[in-house]
Amino acid sequence: MKKRFLGALLALAVVGSVSAFATGIGVQGGYNVANQGTGAALTFKLDSFDGVFAVDVNFANSQFVSAGLTVDYWVQNPRLAGMFHYYWGPGFAVAYYINPAIYVAFRAVAGVNIFPVDFLELYAQIAWQPGFYIDFNNGFIATDWWKSFPVNVGLRFWF
């Protein structure tokens, strides 16, 4: 019971501190087409940085696999027509796997977003995420250049 309470308290503290200095905060869900895993994330954008952060968790076969952080810098986010926009840019990802291993990757992200109302953004994006794993059980480093293509959809509230 105490663990659940402390977990809920920690989650509220993270969400509260992020919303205090963010201009946008939201959630996203996704699927990695290469490794057939699913994920969920809390996303936010800071006032002082032109990037979007995501704190994520990933699952495979209904089992928790990893937790991580991504940072994407949007080089452009021009308007296509009306409320429709697109964006692209580089990024960085790091994840801790429970087996235990660490994954470090660069990202190339592209997506489309719409603003049906001023404070709500809906988006879909794909990323190519080449990187490498450091496996602590077996003591080796493995490259992963073509196995990580996360596809995400989400929404962000802007204030």
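Residues numbered from 1 in each chain as written. Predicted model: local features only at pLDDT ≥ 70, side-chain atom pairs only at ≥ 80, totals over all residues. Heavy atoms only, no water.

### Focus on the overall build of the chain
- A tally of regular secondary structure across the chain gives one helix and eleven strands.
- When the elements of the chain are put in sequence order from the N terminus, they spell out α-β-β-β-β-β-β-β-β-β-β-β.
- Counting all 159 residues of the chain, 35% fall into the buried class.
- Just so you have it, the chain exposes about 9,500 Å², and 71% of that area is on carbon and sulfur atoms. (Helix = DSSP H or I, 4+ residues; strand = E, 2+ residues; numbered from the N terminus. Buried < 20%, exposed > 50% of the residue type's maximum accessible area, 1.4 Å probe, protein only. Areas by Shrake-Rupley, 256 points an atom, 1.4 Å probe, with all protein chains shown as cover.)

### Points about the pattern of salt bridges
- All told, the structure shown has two salt bridges when counted by the stated rule.
- We note a salt bridge from Arg 107 to Asp 72, for which the minimum N-O separation is 2.8 Å. Residue Arg 107 is located in strand β7 (residues 101-117), and its partner Asp 72 is located in strand β4 (residues 63-73); the two are separated by 35 residues in the primary sequence.
- Overall, Arg 107 belongs to the buried group, its relative accessible area being 7%.
- Linking Glu 121 and Arg 156 is a salt bridge whose minimum nitrogen-to-oxygen distance equals 3.0 Å. Placement of the pair is Glu 121 in strand β8 (residues 120-128) and Arg 156 in strand β11 (residues 150-158), with a sequence separation of 35 residues. Like Arg 156, Glu 121 is buried. (Salt bridge = Lys/Arg side-chain N within 4 Å of Asp/Glu carboxyl O.)

### A short note on the packing of aromatic side chains
- All told, the structure shown has nine aromatic pairs when counted by the stated rule.
- Judged by centre distance (5.8 Å) and plane angle (50 degrees), the ring pair of Phe 49 and Phe 53 falls under tilted.
- A centroid spacing of 6.2 Å and a plane angle of 70 degrees characterise the contact between Phe 92 and Phe 106, whose relative ring orientation is edge-to-face. Placement of the pair is Phe 92 in strand β6 (residues 84-97) and Phe 106 in strand β7, with a sequence separation of 14 residues.
- Linked through ring pairs, Phe 44, Phe 49, Phe 53 and Tyr 73 together constitute an aromatic cluster. (Phe/Tyr/Trp six-rings, centres within 6.5 Å; stacked < 30°, edge-to-face > 60°.)

### Focus: unusual backbone geometry
- Put simply, Asn 99 and Pro 100 share a cis peptide bond, and its omega is -25 degrees.
- Secondary-structure assignment places Pro 100 in the loop between β6 and β7.
- A positive phi is found at Asn 61, a non-glycine position, where the angle reads about 50 degrees.
- One non-glycine residue, Ser 62, lies in positive phi territory at about 65 degrees.

### As for the side chain of Lys 45
- In this fold, Lys 45 is placed in strand β2 (residues 37-46).
- Overall, Lys 45 belongs to the buried group, its relative accessible area being 17%.
- Looking at Lys 45, its side chain comes within polar contact range of the main-chain oxygen of Phe 49, at 3.1 Å. (Polar contact = N/O pair within 3.5 Å; in protein donor to acceptor, adjacent residues only side chain to side chain.)

### Side note on the side chain of Asp 135
- Mapping Asp 135 onto the fold places it in strand β9 (residues 131-135).
- Looking at Asp 135, its side chain comes within polar contact range of the side chain of Asn 138, at 3.1 Å.
- What Asp 135 contacts, discounting residues up to four positions off in sequence, is Pro 100, Ala 101 and Phe 140. (Contact = heavy atoms within 4.5 Å.)

### Quick notes on the confidence of the model for the chain
- Looking at the chain, the pLDDT average stands at 86 and 86% of residues meet or exceed 70.
- Here residues 5-10 is a poorly scored stretch, pLDDT under 50, and it has zero contacts once near neighbours within four places are set aside; other chains count. (pLDDT = per-residue confidence, 0-100.)

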